[in-house]
Amino acid sequence: MRVKSHPILGEDYRSEFVDITVDGKKIKAMAGEPIAAALLAAGIKIFRNTPKTGQPRGIFCGIGRCTDCVMTVNGVPNVRTCVTPVEEGMVVETQIGHGRWGENK
Ligand code: FES
């Protein structure tokens, strides 16, 4: 689901794939791409559940403004995945409610 060749931007310059863990499963992601992009490329569309009603949320604005894409990353809750780059070995978890430091509750 990634654009490899673009008529204006040219060829994809990113080439290094790394492993990240999402809800306990390893997926391949490109180092430096937004976490949200890696998740969408892997077919993952639900990033969190709302605190009050538990409704699923995913990427919305894509520019770091709405916070719909927040997840727990390396034990830190409320990380905006649309503007946070992928790094080797990241552990990403679907955030339930407001999230808690070090765990996903
Ligand atoms: S999608 Fe809006 S802040 Fe990430």
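In what follows, the structure referred to is the one given above.
Residues numbered from 1 in each chain as written. Predicted model: local features only at pLDDT ≥ 70, side-chain atom pairs only at ≥ 80, totals over all residues.

### Section: the overall build of the protein chain
Then step 1. What the protein chain contains, in helices and strands, is 1 helix and 10 strands.
Then step 2. Computed over C-alpha atoms, the radius of gyration of the protein chain comes to 14 Å, within 12% of the 13 Å expected from 2.2 N^0.38 for 105 residues, which places it in the range of a compact globule.
Then step 3. Seen along its three principal axes, the alpha-carbon backbone of the protein chain occupies a region of about 45 × 25 × 20 Å.
Then step 4. Here the protein chain holds 105 residues, and the buried ones make up 24% of them. (Helix = DSSP H or I, 4+ residues; strand = E, 2+ residues; numbered from the N terminus. Rg over C-alpha atoms; globule rule 2.2 N^0.38 Å. Buried ≥ 20, exposed ≤ 12 C-beta atoms within 10 Å, placed from the backbone.)

### Some details on the sheet that holds strand β5 (residues 48-49)
Then step 1. Pairing is mixed across the open sheet formed by 3 strands, whose spatial order is β6-β5-β10. Looking at the sheet topology across the chains shown, the edges are occupied by β6 (56-57) and β10 (95-96).
Then step 2. When β5 meets β6, the two strands line up antiparallel, connected through 2 bridges. Residue pairing in the sheet places Arg48 in a bridge with Arg57 of β6. (Pairing = 2+ DSSP bridges.)

### Here's the deal with the environment of Pro51
Then step 1. In this structure, Pro51 sits in the loop between β5 and β6.
Then step 2. Judged by local crowding, Pro51 falls into the exposed class, with 12 C-beta atoms found within 10 Å.
Then step 3. Sequence separation of Pro51 and Gly97 is 46 residues, and the distance between their C-alpha atoms is 3.6 Å.
Then step 4. Leaving out residues up to four positions away in the same chain, Pro51 has contacts with Gly97 and His98. (Contact = placed C-beta atoms within 7 Å.)

### Remarks on the sheet that holds strand β7 (residues 70-73)
Then step 1. With mixed pairing, 5 strands are arranged side by side in an open sheet as β4-β3-β9-β7-β8. Looking at which strands have only one partner, the edges of the open sheet turn out to be β4 (25-30) and β8 (76-80). Shown here is a sheet whose adjacent strand axes are inclined to one another by a mean of 40°, direction ignored.
Then step 2. Both strand β3 (residues 17-22) and strand β9 (residues 91-93) contribute to a ladder of 2 bridges, which runs parallel. Along β9, the bridge assignment pairs Val22 with Val92. (Axes fitted to C-alpha atoms, helices over the stretch in contact; angles between N-to-C directions.)

### Describing the pairing of β3
Then step 1. The sheet contact formed by β3 and β4 spans 6 bridges and is antiparallel. When the bridges of β4 are listed, Val22 appears paired with Lys25.

### Comments concerning the nonpolar core
Generally speaking, nonpolar side chains in soluble globular proteins are found buried as a group.
Then step 1. Ile20, Ile35, Ala36, Ala38, Leu39 and Val92 are the most contacted members of the largest nonpolar core, which has 16 residues in total.
Then step 2. Elements with a minimum of two residues in this core: β3, α1 (35-41) and β7.
Then step 3. In terms of residues, this core owes the most to one element, α1, which gives 5 residues.
Then step 4. Those residues in contact with Ala38 that lie beyond four places of it in its chain are Ile20, Ile27, Ala29, Met30, Glu33 and Val86. (Core = buried A, V, L, I, M, F, W, Y, C linked by C-beta atoms within 7 Å.)

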